[in-house]
Amino acid sequence: MLSSDMKPIIAISMGDFNGIGPEVVLKFLSQSDLSTSAPLILGAKSVLDFYQNSINSDLKFHRVSKSSDAQPGRINLLETDSILNSDIQPGVISMPGGRAAMRAVEYGINSCMAGSTHALVTAPISKEAIHKAGYGYPGHTEFLAEKTNTKSYMMILASESLRVGLLTGHIPLSIVSKSISVELILQKLVILNRSLIENFGIEHPKIAVMGLNPHAGDGGVLGTEEEVIIKPALMEAKARNISADGPFPADGFFGSHKQDHYDGILATYHDQGLIPFKALSFGNGVNFTAGLPIIRTSPDHGTAYDIAGQNKAKPDSFAAAYNLAVKMAKLKLEKSV
């Protein structure tokens with residue numbers, strides 16, 4: 001049982017301020033029980049004031065100068081940037097938007113590494129905007145890995161009943177096959193298995209591994225990766241006491257509800273995992289980065305520039321990301337006691 005008096009400090013990076021990040025953060029905080037944790041927004045008050053006006057909100061912020069001063073029951077704010085009102089242009093991809101988003105993320109990483117916050121929830125960023133700001137990363141995940149000096153990590157998409165890990169992430173489909181190896185599959189299975197135990201509290205997880213080719217290769221007729229790479233990796237995983245089955249044909253796996261019999265699923269490439277996950281999660285999915293020394297979650301959607309500033313964004317996925325971060329932080333705190 002999780003101790004009810006554990007109230008972790010949860011850092012929230014505000015995301016690209018021209019996207020829906022600030023809006024979903026404010027909407028979530030306006031309807032949430034703040035007594036079980038201390039939410040700490042990393043961003044700019046000018047941005048929050050702008051979006052409060054657009055959604056007819058009047059939240060009060062407790063401004064702090066350092067993250068450890070955040071208090072449960074209040075909406076804490078630590079200003080990581082100074083944003084001019086003229087820079088706030090909903091729906092516009094801009095250098096200031098990308099720069100401010102990444103500064104907030106970096107502060108959140110550092111505060112979690114220092115132990116002054118217990119988890120980081122990241123609102124959406126734009127890859128194009130952060131590139132304009134000089135950050136040459138494909139996304140949050142790679143930036144987090146570099147800043148925490150993490151070599152082995154993986155993206156997990158999680159909902160109440162579904163957890164999908166990715167063997168390969170943000171790489172072109174044309175090089176996925178060349179990137180897969182027995183060693184990589186074992187590495188990712190170890191990370192996924194450990195995360196299911198340590199972060200999700202599942203004592204003896206069962207993992208399903210997807211095939212790469214149509215019909216999982218049809219015995220080598222439609223591709224040999226299953227026979228030459230995936231099956232040997234699964235045999236080695238079982239020798240290491242990791243319960244992993246497969247490779248399963250990806251097209252029929254979810255349609256026949258086989259995911260209900262597994263605690264985690266390892267997809268071989270990005271869209272193979274994310275398309276069924278997003279179809280089944282109904283906007284309540286969470287992106288979790290496994291293998292890091294810190295807890296990091298995020299909503300499973302992007303900046304949605306097309307609806308930014310229009311009071312149309314729903315906070316459901318952000319709420320799920322925040323609540324999962326609290327649950328994981330409490331589990332970690334309990335183990336450290």
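Residues numbered from 1 in each chain as written. Predicted model: local features only at pLDDT ≥ 70, side-chain atom pairs only at ≥ 80, totals over all residues. Heavy atoms only, no water.

**Student:** I'm lost on the overall build of the protein chain in this one. Help?
**Tutor:** The secondary structure content of the protein chain amounts to eleven helices and twelve strands. The C-alpha radius of gyration computed for the protein chain amounts to 20 Å, which stays within 12% of the reference 20 Å derived for 337 residues, consistent with globular compactness. C-alpha extents for the protein chain along the principal axes are approximately 60 × 45 × 35 Å. The buried share of the protein chain, taken over its 337 residues, is 54%. Carbon and sulfur atoms provide 51% of the accessible area of the protein chain, an area that totals close to 14400 Å². A distance of 4 Å separates the average location of the 30 positive side-chain charges in the protein chain from that of its 32 negative side-chain charges. (Helix = DSSP H or I, 4+ residues; strand = E, 2+ residues; numbered from the N terminus. Rg over C-alpha atoms; globule rule 2.2 N^0.38 Å. Buried < 20%, exposed > 50% of the residue type's maximum accessible area, 1.4 Å probe, protein only. Areas by Shrake-Rupley, 256 points an atom, 1.4 Å probe, with all protein chains shown as cover. Lys, Arg positive; Asp, Glu negative; His and termini not counted. Charge placed at Lys NZ, Arg CZ, Asp CG, Glu CD.)

**Student:** Before we go on, may I ask you to explain the layout of surface pockets in this structure?
**Tutor:** The gaps left among the atoms become clear once a water-sized probe is rolled over them. Taken as a whole, the largest pocket encloses approximately 370 Å³ of empty space. K127, H170, N287, P299 and H301 are, among the 22 residues lining the largest pocket, the residues nearest its centre. Elements that contribute at least two residues to the lining of the largest pocket include exactly α5 (140–147), β6 (154–158), α10 (270–281) and β12 (296–299). Each residue belonging to the lining of the largest pocket can be placed in one class, and the counts come to seven nonpolar, eleven polar and four charged. (1 Å grid on protein atoms, 1.4 Å probe; cavity = no way out; pocket = protein on both sides within 12 Å on 5 of 7 lines; lining within 4 Å. Points joined across faces, edges and corners; volume = space filled by probe spheres on them. Nonpolar A, V, L, I, M, F, W, Y, C, P; charged D, E, K, R; others polar.)

**Student:** Just checking my understanding: could you explain the sheet that holds strand β8 (residues 206–210) for this structure?
**Tutor:** Hydrogen bonds along the backbone pair up the strands of a sheet, which may run parallel or antiparallel. Pairing is mixed across the open sheet formed by twelve strands, whose spatial order is β3-β4-β2-β1-β5-β12-β11-β6-β7-β10-β8-β9. Here the strands that pair on one side only, and so sit at the sheet edges, are β3 (61–63) and β9 (243–248). Looking at each pair of strands side by side, their axes are set apart by 25 degrees on average, direction ignored. The pairing of strand β11 (residues 286–290) with β12 spans three bridges and is antiparallel. By the bridge assignment, N287 is partnered in β12 with S298. Most of the contacts of helix α7 (residues 182–198) go to strand β10 (residues 264–267), to which it runs at about 155 degrees, and overall it touches β6, β7 (163–166), β8, β9, β10 and β11. (Pairing = 2+ DSSP bridges. Axes fitted to C-alpha atoms, helices over the stretch in contact; angles between N-to-C directions. Contact = heavy atoms within 4.5 Å.)

**Student:** How do you make sense of the packing of α7 against helix α8 (residues 225–239) when you look at a structure like this?
**Tutor:** Relative orientation and spacing of two packed helices are given, respectively, by the angle between their axes and the distance between those axes. With their axes 8 Å apart at the nearest point, α7 and α8 run at an angle of 45 degrees to one another. Judged by the angle between their axes, α7 and α8 are oblique. Regarding α7 and α8, the two cross each other, and that crossing is right-handed. Here V182, I185, L186 and L189 of α7 lie close against α8, whose contacting residues are V228, I229, I230, P232, A233, L234, E236 and A237. (Parallel < 35°, antiparallel > 145°, perpendicular 65-115°, else oblique. Left-handed = near helix turned anticlockwise from the far one by under 90°.)

**Student:** Could you clarify how one ought to interpret the nonpolar core in this entry?
**Tutor:** Grouped burial of nonpolar side chains is what soluble globular proteins tend to show. If you look at the biggest cluster of nonpolar residues, it comprises 68 residues, and the most contacted ones within it are I185 and L189. Sort the elements by how many residues they give to this core and helix α11 (residues 316–336) lands first, with nine residues. In this view, L189 contacts I207, V209, L234, A237, I242, A244 and L266; residues no more than four positions away in its chain are not counted. Within the second largest apolar cluster, 23 residues are counted, among which are L40, A70, Y135 and L292. (Core = buried A, V, L, I, M, F, W, Y, C linked by side-chain atoms within 4.5 Å.)

**Student:** It is not clear to me how the side chain of S111 should be interpreted in this structure. Could you clarify?
**Tutor:** Relative to the elements of secondary structure, S111 occurs in helix α3 (residues 95–114). Of the polar contacts made by the side chain of S111, one reaches the backbone oxygen of G108; its length is 3.0 Å. (Polar contact = N/O pair within 3.5 Å; in protein donor to acceptor, adjacent residues only side chain to side chain.)

**Student:** How should I be thinking about the packing of aromatic side chains in this particular structure?
**Tutor:** One pair of aromatic rings is described through two measures. These are the centre distance and the angle between the planes. A full pass over the atoms with the stated rule returns ten aromatic pairs. For the pair F28 and Y322, a centre-to-centre distance of 5.0 Å together with 50 degrees between the ring planes defines the contact as tilted. Of this pair, F28 sits in helix α1 (residues 21–30) while Y322 sits in helix α11; the two residues are 294 residues apart in sequence, bridging distant segments of the chain. For Y322, a relative accessible area of 4% puts it in the buried group. (Phe/Tyr/Trp six-rings, centres within 6.5 Å; stacked < 30°, edge-to-face > 60°.)

**Student:** I keep staring at α7 and nothing clicks. Help me out?
**Tutor:** Two residues of an α-helix separated by three or four positions point the same way, owing to the 3.6 residues in each turn. A rise of 1.5 Å per residue sets the reference length of α7, with its 17 residues, at 24 Å; its end C-alpha atoms lie 24 Å apart and thus fit the reference within 8%. Within α7 the residues assigned to the buried category are L184, I185, L186, K188, L189, I191, L192, N193, S195 and L196. (Expected span 1.5 Å × (residues − 1).)

**Student:** How do you make sense of the environment of D300 when you look at a structure like this?
**Tutor:** Checked against the element boundaries, D300 lands in the loop between β12 and α11. D300 has contacts with L157, F277, K278, S281, G285, V286 and S317, leaving out every residue within four places of it along the chain.

**Student:** Any chance you could explain the pairing of β11 here in plain terms?
**Tutor:** Side-chain positions along a regular strand alternate between the two faces of the sheet. Of all five residues in β11, five are buried, a share of seventy percent or more. Residue alternation in β11 divides its side chains into two sets, V286, F288 and A290 and N287 and T289, and both sets are buried. The sheet contact formed by β6 and β11 spans five bridges and is antiparallel. In the sheet register, M154 faces β11, and the bridge partner there is A290. Linking β11 back to β12 in an antiparallel pair, the connection comprises five residues, with G291 at a positive phi of about 95 degrees.

**Student:** Is there a simple way to explain the pattern of salt bridges in this structure?
**Tutor:** Working definition: two side chains of opposite charge can pair if their charged atoms are close together. Inspection of the entire model under this criterion finds ten salt bridges. Linking K66 and D69 is a salt bridge whose minimum nitrogen-to-oxygen distance equals 3.1 Å. Residue K66 is classed as partly exposed on the basis of its relative accessible area, which comes to 43%. (Salt bridge = Lys/Arg side-chain N within 4 Å of Asp/Glu carboxyl O.)

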